[in-house]
Amino acid sequence: MTFLRPRRTGLLAAALGAGLLVPVVAAASPAAAAPAPTVSCTSAKAGLAAKLKKDITAALANRKGTVAVGLYDRTTRTTCTLRSTTAYDSASVVKVTVLAALLWDAKKHGRYLTARETSLATAMITKSDNAATSTLWRQLGLTKIKGFLSAAGMTQTKPGADGYWGLTRITVTDEQKLLKLVTAKNTVLSDNSRAYILKLMGQVVSSQRWGTPYGVPSGVSVAVKNGWLQRATYGWRVHSVGAFKGRGHDYMITVLTHGNSTMNYGVATIQGVAKVVHRDLAAS
């Protein structure tokens, strides 16, 4: 995929994941309807897999664009996948990976984050601040970012070149791996690091709390990070990753989409999936 570098190199990085790339993209033409998706679900709880498969499939019926879905619930050992290895431009969803890599590297060197790093990380996650992300991406460098991806087993994730972190290629499989690391004890991220990531994802500004949290039952904690980006090919990429815990469940959802005619269309697709997932798990 070719991409014209804008005259001012900061222009693209500033726009990635947060809105229109007006200077460098053409208007996206309406996407053709995707083939009927095939959702695969398994569960230790009788009847749950079949219900989720039916309801997620119905939620995606007649939706245009290409959608990938990942669900994992530890409590009922339930997994659902759709296009789990299809690669998407990450947009701002990659910011969780950037924060995890920063914490992983700090742990390796036996240190805490500095006040400056904490400020940048907070802006990056809670407000989806692009300048803060670019600063931390440059600080880490591709060697450390790739080191974290290797440690995390995120072998399908390909960091964006030339500082274009929003063009990192991601898959549902790897995003779900990351969410599993963030939400359960492991040797890659310390307990303090995991708690810090979940804390920031739980403090995302209200205007960016759409997507996977849609329809979440009361009494269930929410940690979310979304991404959105328009380019000439595949129109709008709109993504949402979330971790949810409470009322007898501990689960994570990833929905990645591209080929959306507008950002709002992509948001509606994600929320249609999220709504039935929350409902079906709450009823199980």
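In case you missed it, the structure is sitting above this.
Computed from a predicted model, the values in this text were never measured in an experiment.

A. Representation of the overall build of the protein in the model. Looking only at helices and strands, the protein features 8 helices and 9 strands. Burial status across the protein gives 52% buried among its 284 residues. When contacts within the protein are restricted to residue pairs at least 6 apart in sequence, those whose partners lie at least 24 apart make up 68%. When the accessible area of the protein is evaluated, it comes to approximately 12,100 Å², of which 55% is carbon and sulfur surface.

B. Fine view of helix α8 (residues 263–282). Over its 20 residues, α8 runs 28 Å from end to end, which matches the ideal 28 Å to within 8%, given 1.5 Å per residue. Along α8, the residues that are buried comprise G266, V267, T269, I270, Q271, V273, A274, V276, V277, H278, D280 and L281. Its buried side turned inward, α8 meets α2 (48–60), β3 (66–73), β8 (236–246) and β9 (249–260).

C. Expanded view of the layout of surface pockets. Empty space within the largest pocket amounts to approximately 240 Å³. Of all elements in the fold, only α3 (94–108) and α7 (191–201) reach the threshold of two or more residues within the lining of the largest pocket. Of the residues that constitute the lining of the largest pocket, the class distribution is 5 nonpolar, 3 polar and 2 charged. Every residue along the wall of the second largest pocket is listed here: T183, R194, L198, G202, S221, V222, A223, A243, F244, K245 and D250. Elements with a minimum of two residues in the lining of the second largest pocket: α7, β7 (221–230) and β8.

D. How the structure looks around the pattern of salt bridges. This model, assessed by the stated rule, comprises 13 salt bridges. Taking the shortest distance from any N to any O, the salt bridge between R231 and D89 comes out at 3.4 Å. Of this pair, R231 sits in the loop between β7 and β8 while D89 sits in strand β5 (residues 88–89), and the two are 142 residues apart along the sequence. Since its relative accessible area comes to 2%, D89 is described here as buried. Between R111 and E117 there is a salt bridge, with its nearest N and O atoms 2.9 Å apart.

E. Region of interest: the nonpolar core. Counting residues in each nonpolar core, the largest one holds 76 residues, and the members touching the most others are I56, L99, F148, L189 and I197. For this core, the element with the most residues is α3, which contributes 10 residues. Leaving out residues up to four positions away in the same chain, L189 has contacts with A100, W104, K107, F148, L181, V182, R194 and I197.

F. Broad picture of the packing of aromatic side chains. In this structure the tally under the stated criterion is 3 aromatic pairs. Their ring planes at 65 degrees and their centres at 5.8 Å tell us that W210 and W228 sit as a pair that is edge-to-face. Placement of the pair is W210 in the loop between α7 and β7 and W228 in strand β7, with a sequence separation of 18 residues. Comparing W210 with W228, the two get one shared label, buried. Lying across the ring of Y265, R63 places its NZ or CZ 4.0 Å from the centre. In this structure, K180 packs its charged tip against the face of Y72, placed 4.3 Å from the ring centre.

Each value, and the rule that gives it
- Residues numbered from 1 in each chain as written.
- Predicted model: local features only at pLDDT ≥ 70, side-chain atom pairs only at ≥ 80, totals over all residues.
- Heavy atoms only, no water.
- Helix = DSSP H or I, 4+ residues; strand = E, 2+ residues; numbered from the N terminus.
- Buried < 20%, exposed > 50% of the residue type's maximum accessible area, 1.4 Å probe, protein only.
- Contact = heavy atoms within 4.5 Å.
- Areas by Shrake-Rupley, 256 points an atom, 1.4 Å probe, with all protein chains shown as cover.
- Expected span 1.5 Å × (residues − 1).
- 1 Å grid on protein atoms, 1.4 Å probe; cavity = no way out; pocket = protein on both sides within 12 Å on 5 of 7 lines; lining within 4 Å.
- Points joined across faces, edges and corners; volume = space filled by probe spheres on them.
- Nonpolar A, V, L, I, M, F, W, Y, C, P; charged D, E, K, R; others polar.
- Salt bridge = Lys/Arg side-chain N within 4 Å of Asp/Glu carboxyl O.
- Core = buried A, V, L, I, M, F, W, Y, C linked by side-chain atoms within 4.5 Å.
- Phe/Tyr/Trp six-rings, centres within 6.5 Å; stacked < 30°, edge-to-face > 60°.
- Lys NZ or Arg CZ within 6 Å of the ring centre and 35° of its normal.

Geometric values such as these leave the question of function open.
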